[in-house]
Structures are given as C-alpha cells and as structure tokens.
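# Observations on the three-dimensional arrangement
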Amino acid sequence: MKPAAFDYCRPASIDEAAAALASSDSAKVLAGGQSLVPSMNFRISQPSLLVDIRDVEGLDGLEVDQDGVSIGASVTQSRVMNSDEAYSAVPGLRRALRFVGHLQIRNRGTVCGSLAHADPAAELPALAMAAGARLTVRGPQGERTAAADGFYLGPYWTGLEQSEIITGVCFPAEAPGTVTVVDEIARRSGDFAVVGLAAAFDLEDGSVGGARLVSFGVSGRPQRLAAAEEAVRGFHAGAAGDGLYGAAYEDAADAVGDIHASGEYRREALGSLLVRTARAVSASNGGKAGAR
Amino acid sequence: MTVQMKVESPTGINPMIRHRSGHIGSSLPRREDRSPLLGRRRYVADLKLPGMLEVAFVRSPEAHALIRSIDTGPALALPGVHAVYTAADLAEVGSFPHTIQYIRPVDQRPLAEDRVRYVGSPYAAVVAADRYTAEDAAALVSASTEFETLPAVAVLDQALAEDAPRLYDSWPDNRLVDFPAEKPEVTKAFEEADHTFTETYVSQRQTGLPLECRGVVAEDVDGQLTVWSSTQSPHIVRTTIAMMLGIPEPQVRVILPAMGGGFGAKTHQYPEDIVLAWIARKLGRPVRWIEDRFENLVSTVHARDQRHDVEVAYDDDGTIRAVRCAAYCDVGSGEIFMPGTATVFVTAGCITGGYDFPNMEVRPVCVVTNKTPSGAYRGFGTPEGMFVMERIIDRVARLTGADRVELRRRMILQEDQMPYIMHSGGKVDSGSHAKGFERAAALIEQSLARAKARYADDPDVRVGVGYNNYVEPTTPTYHLTTGHWAGYDSATIRVDPDGAVRVALGNTDLGQGAETTAAQLAAEALGVDPDDVTVVMGDTDRAPYGLGAWGSRGAVVMTGSVLMAADRVLVKAREIAAHMLEASSDDVVLADGGFHVAGSGTPKVSWAKVATAAWARTVDLPEGMEPGLEMSGYFEPPDLEHLPGADGKVNAAATWSNGAHAGVVSVRISTGEIRIEDYAVVHDCGTMINPMLIDGQVHGAVAQGIAGAMYEHFQYDPETAQPRFASFMEYLYPTCSEVPEMTVEHFETPAPEQPLGVKGCGEGGTIGPPAVITGAVSDALADLGVDITATPVTPAAVRRAIREAAARGAAS
C-alpha cells in the first residue's frame, strides 16, 4: 500500500500552480489529500505530479458578508465548521460538515477539495447544489465561474477540465424564510452516506412554498429531485407523506446497489428521509433548527 | 498487609490458596499502559536493523487459477531490487505440517506453487531496498505472471453441489471434514413432539482485525536465526520454523516485542514467517515485512462464515424437545495452518449455551471455497452457535405464545445441576447461569421501559429486547485445533540477589494486561510488592516453552504455573531462612516481605538476604543445599481432555465461564435504522484477579460482538469469488460512536478444579451480541412478522426483512 513514484511541487502563486497542472496530463491538485492520498496508496490513482496548493497565495480566505460565504481552495472543513459567522450566513454548511468524516479528516480536508473530488456519496457537492453555490475555476484560459448545479456529471466526474483548479466557492446567504438542512443515513458515524438529502425549503406560513432537493449517495452523482420538488409544494407538518414519498421514490429510479444497501433500499429510505425532514422543517416553522 | 502463605504442596498447586485480601482481586493499573500512551511501545514495525531490506509479497489476483509462468526478469531489472523468489526457490523448504488426523490433508507450501486458491494467496516474494521499490517490483511480477483461470467456488451451496469445481483434485468433493451425527434420543423426540419447524441461520464472514497488522523481521547472524513476529504463540512459531527450515530449534529465537491486538488471528502459522526466515538465511541480511491493511483483509485468517440448517421439535407448551442441526463452516481454501476446522466443532459443542438441553444433534461440516482461509477469532465458534440457539428459542416462543423470559427460565442451568455434562461432553464445572439471567433480565426491563417512553410519540420507531445465556469454554485443549500441541503452560520464577522477582512465562501479552496480572499473581504468592516483580514474556530465549495466549487461557494457566513455581521457590527459600533463623522450616512463615518464626518476635529474614545466600553468599546456605533460587512450573490444567472418547464426546475446556447478555434496541421502520438503547452484561469468570482488566475484556469483546451483529462482513462476488472489499470503506468495524455505554456486573463462582478458582474471560463478551441484537430487532418488529435469521442486521437487511414478511403475510 505504497503509492507509485510521483513528482511533487508546492507553488506559491496561482499562476505557477496553473502552469504546473498544465504541464502534465496526469498532474493532480493536492489540498487536504483525504481522498487523493488513499487512492494513490491503492495505486488506483497514479498521478505523475502533485501540485500542492496549500502555499498558494490568496486561496486561504474564508470571507463572510451579506451576500454569503466565500471559501478559498485551501480552507479546511474544520475552519468553516467552526466559524459562527459562516454558520449564521449559511447554516447548511455546518449541518453538512458534521457528517463529513471525523474531526481529524475535517482538520485536513478542504471544502473545495471535496467539491472537486465529486464522490457521489459526499455531502458538500449536494449542499452546494441545494444552496445554489457558485465555483470559481482557474484554468489556462483564465478564470471562470460555474454553478454547482449542473457541475456534477457522474461518479468522480465534474465539469472541471484536467488543467483547471477550483480556487474557491461562494455559498449565497440563506434567504429569510428559507431553511437549509442536510440529513443522511450512514452505516456508521462519519461514513459516506448510504442515503443522503440536502434540501433548501422556502417556507410560507408553516408550509413549503418551494424547495431545492438534492440526493446524495443514492445514484452516481448528487441529483436534483424534480418530482419531489413539485410534490413538496404546499407540504406542512400535518400533511400525509405518501405523495412526497412516492415522488422521491420515482426520482431515485436510477439508485444503485452496493455492498452496503440495495438500490431498492436507497429508494425507500430516500423517500422516508425526505418526508421526515420536510415534516421536521415544517414543524419548526422556519426556525434555525436542523432536521435532527 | 500480611500474607500468610501455606506451603504444603511443593510439587503442585494447593487448591485451598484463596487469598482475597491482597493483590488478587485488586484493580491494579496496567503497567503496560505507559509506553503505548506515550507512543514509545516498540512493535515489530518499529525495528530498524543495519542493512535491513524490505520484502513485499506478490499475491494472487485470481480466486482460482493455475500458475502457468512467472517472469521475474522485469522486476529484477528494477534498480533497488535484490531478489525475487517463487515456490521453485523454496523447494528445500518443507510444507506446513499435516497433523490433524480427522481432516483431509492440504499440502500447503509457504509460496503457492502451481495453483492459487484465493485472492491474496502469496506466490512470490520481492526483496528490495525499500517498501516502495518492493511494491513497484511486486506489480511487475504480477503483470508478468500468466494464470490459467479455473472456475471459482464462492458460495457454500455451490461448493456442496455434486458437479462443483473441486479445489483439490484428489478429493471426491469440497468437504474438508464432515462428521455425520445421529442420536436415537433425538430421533425419538422428533417422533413424539407436537410440532416441528425448519430454518436456516447464517453468520457472516469476519476477521479479528487487530489494530496492529501482522509483521515479521528476520535476521541470521552466524547461523543464529532471530525472528521478530507479531504472533500470539512465539514458541509454536519457533518449532514450525525449525521444522520447516530443517534447523535445530535452539538456533531459532522468536520474539514478540509488543502486540497491538491479536484476537486469535495471530495464533496461526503463517507463510510469511517462514519465507522471511528463509530469506534472512539465504541473503545473510536482515529483512522485514509489515503487513498492510489490504493484505490484512485478504491474507490474515477470516472466521465466522457459518450456515446452520436446523430442524426443531417442540410441544404446544413451548417445550423444545430436540434440535437437529447441520452446521456448515465455509473455511475458505484451508491453506493456512491450522485451518479453521476446530471452530465449528466448538460451535457444535457449545450451541446449547447456558441451557439444559441434551437433545441436540449437530453435524459439523467444513467446506472449502476460493476465499481467504479461515481460522481463529475471539469467540471461536461460540457466537455463531448462541445466535442459532437463541433464535430457535424466540421462534418457539412466538409459535406457541410462550413468554420469552419464562421459556428461558425453564431451560436454564441451575446451580444444583453442576457439574453439568453438555450434549457434547463439555463439563460445565460451575456457574451462576440462572441468577445471572435473572439479574440481566431485571436490569434490561428498566431499560426497555425507558426506551418505550422515549419513542412513545413516534409511530415509526419500535423498541425490542433480546437475550443470551452463554457458556464460554476457557483454557481449551489445543490438540483438537492443531493435532499437535495440547494444553499446558509454564512459568519460571527467579529471585535475584537483591530480592526482586523475575517471572518468565510461556504465555504472551496481546494487550490484555497479562503482564500486570502475572505481577499480581507472583506478588501474592511470594508476599512481595507487584512493583518488585519483573515479567518476561514473548521471547523464546528468555521465557520457558509455552503455547501462548489464545482460548481465554492466560489467567488460568498463569495462575497455575506461577503458583507452582512460586510454591517451589518458597519451599527452598523457607529452608534457607529457617537455617538463618536457626529454626525448623515448619515454624517459619512469610509475612511483610520477610520470613520469621511464627508467633515469635524474632527479626525477619528478607527475600534479599535469602536470595543473596542462594546466588552469592552460598556459605550461608544449609549444608549440602544446591545454590540458586529459580524454579519452574509446568501447569497442565486439570479436567481438560485432549481427545474425544469412544462416544465422540470430549470436555475440551478446563473450565467454563458464563454470562447473561440482554439488550434493548430501537428500530426505525421506514429506514431500518437500528440504535442500541442499552446493553447489560452479567458476567462470571470465577475468581477475579484484576476486576478492571476483566471489565476491559468484556467491553472490548462486546464491541467485537456488536461488530458481528451489525457491521463487519466480508462479501465476495458470488460468481467470481473476487473480494468486494479492499479497505475500511467496505469492511466496517464499529467505532466508539456505534458501541453503546453498557452495564457490566459480575458474579464470582470459583472454578472448583482450577487454582484460585480462576476461569478465563477473554472471549465471553463476543458471544452475546449477535443473539441479543437479532433477538431485540425481531422483538421490535414482531407485529410486522419479522424474525431475523442472519447477521449482520443492517438497515438494508431490516428493510428487506420487513418487505419479505409483508409478502409472506399477503400470500398467506
């Protein structure tokens, strides 16, 4: 369990980092290394060059203002989780991050690294979609931004080109009347989700006016639940959950089975998780409490 | 504190020695804790020898294949590679011994020769300057190996089929062993019973999973071979290496520097130890191999892979008349010595647990498949059996409307039945079975009420309770497992000139605290402070031959052997002291760290003075006395049988601990999520030497039991026998978040035949959880018709059981 040979560089500027990344077809960005390094040790991933971006100037910013929370590429998950300002502007961040690995993993793992790695069972990509986050991407042609919604194409597959680096992400501030929650069923505390849900509910007088619902861990990528987003309109704490359950069950038609659970289990559990979450949020009447 | 030591048994154990005022029974802090807590404990992986090279093994990617050719050229061409060895190079090395007469012989070579039978099987070894290079070279060897793939056998039913591919061409089928059993009284009970039912119960494949993986360092200097190995039995490894390499045993030294857990998985004789020893001699340089976690998951023994096809005869009132059981154990390829055959015999022997149930007929069958060889894991067959028995009792309760607790009460062993001879010949020597169960049931009744109140407002959550009453066979014979070694262990005690005591043991410490326990025993026996006792274990040159730590035997064999050796030291020391006191040795007693004449005000003779006379000032010895103050004890536990009698019955354990487990779970119907709300253990291992260490054993073992009940599961592709696991992403052990707080209480029913009344305590905690958790989940979901028949019980398994029960309900 030792990696194949690789080169390593630790540039100080984003221009150098971008150039290094463009210099080889199999160069990879190293930030927290919590997913990349294990996959290298298994030799599943054999990059020729690691571009360590932790010293790159300007990537370590965590900024909170009225528009939202901006997170630079080298900002760790723990730093975001521990920021009360970030929690108050975008409560979904802390609610997602508490499910991400364990303390030691969050101390090294980065928010942007998780967004770039695109594990289909990861919490942060789903939250980014539900919350309407935008990614800032730097490539040989310069900088661009991309909506998280639409960025995820398949397992470990995003709209990022090989020579591009995610330099930051901006989560818009949660609007008044909106409640963002993240909940999941995992085999153990800290595991990737067997079934997960990131949801932003817009509440009107204790019922749901609209919602952005994103599943994770269910299919090959985080996925908007189109039928459930329709079905959830008008949902309130006393409502029967059957319609909403059925809609989520249909949305998850491409759920995959693995050693932890069957596709059928994931469809059932996603429906149940959504109903339970929607009920809890409706009952909380737009307060800041999470689903659990 | 005064210790009055009776010295009446110079050649054996005085069973009347039962001190409870001194070091026995005291929760002395572990002396072993300091170095690991500071990160300074030295494990095999911490050894760095001058000129040491690294070994990486090339392991089969095929589940079942012939090796057509291996081209070592590309690997040898890599800079930094010193050698690549295959089975052909090891022709001079023998095969692993075939000592177990009741199973079919498996010719196992240290490196697979022309055929591989599981993914992970080592077939070549690379020696390089560092592990990175060694792994690069191993990848090249792998890419340069030509296999001819054979049909794989991945599933039990497939292995048992008439037309199944054979793992061993000379065998008529894939059965390593099959012991048909038929009892006339069982047949009769089936004829007489009101009802019968059949069911299949399945326990999944797991492993011991020590935090420290295996590791070997070997060095040969001037023909003296030293092997550092993370093994539970250094002397047995030494014997095996000497035998297979054909060198005199005194020229081999095996050292266990420190161990980060073994759990049975490190009792086996592994090919890597032999290959490293051979390479060290071949190259004349020290070599090292440290098992990584992937290797640990595919090449260290698996366990618990059992299926039980049962037939139960019962009456309307809930009386269970008889059980017939075909106990199948999937032992993988059977290519690690000793193969995991003995576990299913323990399952068969102990399946009735703490119940008076003679009409049990079990047919143990071991089946080979193209999976990692199976072997020992803490519990050694008992958790699998108890799971089956408790599920049967709950099913009969459900079918007849009998109360689950009442039904168990009717069956449980009573004190006046002791000693109780089980259906298998196991002699349950003593115990607190009935009162332990009553206590556990009372404890958990309160928990159940609390949990019901907690979820009263949530119609999606159900609460249930599960029970287990087990017996734990401890200090077993090794003869049925190995076909060679048997059951004793040893201690050598030396009192050095300054009066300090050195105890050397054939037992080893895997992390349980055996060193602390041994110091307590010696301190008690010799009337000294535990801090004045140095304990030596795990080194074949420094400790006497012994069988090591397994089978919950440490406490019993250490008590026996330490007291024997101490008795002998005391007899001699007292004679020396009596000579100095000018008294008869019968009048001399040991008190407050010295000898004096009983009832007199004479000054004391210290251990230092006695020992100085024995080693240095021999002019002070009684005339004609042999110098020296060092004695050994070789303790063969009484009541232990090594071979079955003519009726096939055997008491294969020296003493039998017991316990009652009970647990409450909540289950969320919509998602199948399970939460252990509370867990209670009422435990009895006889006289307790160090209650704190025993609590630790119970806590850790229950955690591993929960692992088996809910989490850990080696899954293989049913067609190809390829493992569907490579890391802890797939093989899920419970973390501290998953293991609940638990209540642990003790009864102390002394073992009547064992010194100090001590019984073993290492494994009992693993036995209960599969039975308890599946019982509790089934109870919680009883009105949905759910009855769990397989472990692990996961959220997905719960949902599947609910769906299947609903389909059955709709069909009927």
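Residues numbered from 1 in each chain as written. Chains lettered and ligands numbered in written order. Predicted model: local features only at pLDDT ≥ 70, side-chain atom pairs only at ≥ 80, totals over all residues. Heavy atoms only, no water.

### Notes on the interface of chain B and chain A
At the junction of the two partners, chain B supplies 32 residues and chain A supplies 24 residues. The largest per-residue losses of area from chain B upon contact with chain A belong to Tyr-132, Leu-732 and Arg-803 of chain B, which jointly make up 19% of the total buried on that side. Along the contact surface separating chain B from chain A lie four salt bridges. Across the pair Glu-673 of chain B and Arg-276 of chain A runs a salt bridge whose closest N-O atoms are separated by 3.1 Å. Across the chain B-chain A interface, the total number found is 16 residue pairs in polar contact (both at pLDDT 80 or more). Only helix 3 (131-143), helix 8 (293-299), helix 17 (691-711) and helix 19 (795-811) of chain B provide two or more residues apiece to the side of chain B that touches chain A. With five residues, the top contributor of residues to the side of chain B that touches chain A is helix 3 of chain B. Of the residues contributing to the side of chain B that touches chain A, the split by class is 13 nonpolar, seven polar and twelve charged. (Contact = heavy atoms within 4.5 Å. Buried area = accessible area lost by both parts, 1.4 Å probe. Salt bridge = Lys/Arg side-chain N within 4 Å of Asp/Glu carboxyl O. Polar contact = N/O pair within 3.5 Å; in protein donor to acceptor, adjacent residues only side chain to side chain. Helix = DSSP H or I, 4+ residues; strand = E, 2+ residues; numbered from the N terminus. Nonpolar A, V, L, I, M, F, W, Y, C, P; charged D, E, K, R; others polar.)

### Some words on helix 12 (residues 433-454) of chain B
All names here are of chain B. The terminal C-alpha atoms of helix 12, which comprises 22 residues, lie 31 Å apart, in line with the 32 Å expected from a rise of 1.5 Å per residue. Along helix 12, the residues that are buried comprise His-433, Ala-434, Gly-436, Phe-437, Ala-440, Ala-441, Leu-443, Ile-444, Ser-447, Leu-448 and Ala-451. Packing partners of the buried residues in helix 12 comprise helix 11 (404-411), strand 17 (427-428), strand 18 (461-476), strand 26 (653-668), strand 27 (674-684) and strand 28 (743-747). (Expected span 1.5 Å × (residues − 1). Buried < 20%, exposed > 50% of the residue type's maximum accessible area, 1.4 Å probe, protein only.)

### Quick look at the pattern of salt bridges
Residues and elements named next belong to chain B. Summed over all chains, the structure comprises 71 salt bridges over all chains. Salt-bridge contacts for Asp-220 lead to Arg-281; the nearest nitrogen and oxygen are separated by 3.2 Å. Pair noted here: Asp-220 is in strand 9 (residues 215-221) and Arg-281 is in helix 7 (residues 271-283), with a separation of 61 residues, a long-range link. Note on Asp-220: relative accessible area 18%, which makes it buried. A salt bridge links Arg-553 to Asp-489; its shortest N-O distance comes to 2.6 Å. Highlighted residues: Arg-553 in the loop between strand 21 (533-536) and helix 15 (554-581) and Asp-489 in strand 19 (residues 489-495), separated in sequence by 64 residues. Asp-489 shares its class with Arg-553; the two are buried. Each of Glu-199, Glu-390, Arg-391, Asp-394, Arg-395, Arg-404, Arg-408, Asp-779 and Asp-787 takes part in one network of salt bridges that share partners.

### A short note on the domain arrangement of chain A
Under the domain assignment used here, chain A contains domain 1 (7-52), domain 2 (62-172) and domain 3 (178-284). Once you take the C-alpha centre of each, domain 1 of chain A and domain 3 of chain A turn out to be 35 Å apart. (Domains from an automatic or database assignment.)

### A look at the domain arrangement of chain B
How large an interface is tends to be reported as the accessible area lost when its parts come together. All names here are of chain B. We note that the domain assignment places domain 1 (46-150 + 215-290), domain 2 (306-479 + 641-811) and domain 3 (488-635) within chain B. Inter-centroid distance (C-alpha atoms) of domain 1 to domain 2 is 37 Å. Interface area for domain 1 against domain 2, summed over the two sides, is near 2,000 Å², with a carbon-plus-sulfur share of 60%. Sorting the residues of domain 1 by area buried against domain 2 places Tyr-118, Phe-263 and His-268 first, and these three jointly supply 29% of that buried surface. Arg-117 serves as the salt-bridge partner of Glu-335, at 3.0 Å between the closest nitrogen and oxygen. Linking domain 1 to domain 2 there are eleven residue pairs in polar contact (both at pLDDT 80 or more).

### A short note on the environment of Val-569 of chain B
Residue and element names in this part refer to chain B. Positionally, Val-569 belongs in helix 15. On a C-alpha basis, the gap between Val-569 and Thr-207 in space is 42 Å, while along the polypeptide they are 362 residues apart. Residues in contact with Val-569, not counting those within four places in the same chain, are Ile-493, Val-495, Leu-526, Trp-607, Leu-629 and Met-631.

### Here we look at the sheet that holds strand 13 (residues 306-314) of chain B
Residue and element names in this part refer to chain B. Pairing within the open sheet is mixed, and its five strands lie in the order 7-15-14-13-8. Two strands close off the open sheet at either side, each with one partner strand: strand 7 (175-178) and strand 8 (195-203). With direction set aside, neighbouring strand axes in the sheet form an average angle of 15 degrees. Here helix 9 (residues 342-350) sits on the sheet in contact with strand 7, strand 13, strand 14 (320-330) and strand 15 (360-367), set at roughly 170 degrees to strand 15. (Pairing = 2+ DSSP bridges. Axes fitted to C-alpha atoms, helices over the stretch in contact; angles between N-to-C directions.)

### A short note on the nonpolar core
Within the largest apolar cluster, 108 residues are counted, with the highest numbers of intra-cluster contacts made by Ile-241 and Ile-392 of chain B. Mapped onto the domain boundaries, this core takes at least three residues apiece from domain 1 (46-150 + 215-290) and domain 2 (306-479 + 641-811) of chain B. In contact with Ile-392 of chain B, not counting residues within four places along its chain, are Phe-197, Tyr-201, Val-310, Val-312, Ile-320 and Val-323 of chain B. Ile-53, Ala-86, Leu-93 and Phe-99 of chain A belong to the second largest nonpolar core, which has 52 residues in total. (Core = buried A, V, L, I, M, F, W, Y, C linked by side-chain atoms within 4.5 Å.)

### Some remarks on the packing of helix 10 (residues 242-251) of chain A against helix 11 (residues 263-284) of chain A
Residue and element names in this part refer to chain A. Relative to each other, helix 10 and helix 11 sit at 140 degrees, their axes nearing to 8 Å. The pairing of helix 10 with helix 11 is recorded here as oblique in orientation. Every pair of crossing elements has a handedness; the one defined by helix 10 and helix 11 is right-handed. When helix 10 is examined against helix 11, the residues Leu-244, Tyr-245, Ala-248, Tyr-249 and Glu-250 are found in contact with a partner set consisting of Glu-264, Arg-267, Glu-268, Leu-270, Gly-271, Ser-272, Leu-274, Val-275 and Ala-278. For the contact of helix 10 with helix 11, the per-class residue count stands at eight nonpolar, two polar and four charged. (Parallel < 35°, antiparallel > 145°, perpendicular 65-115°, else oblique. Left-handed = near helix turned anticlockwise from the far one by under 90°.)

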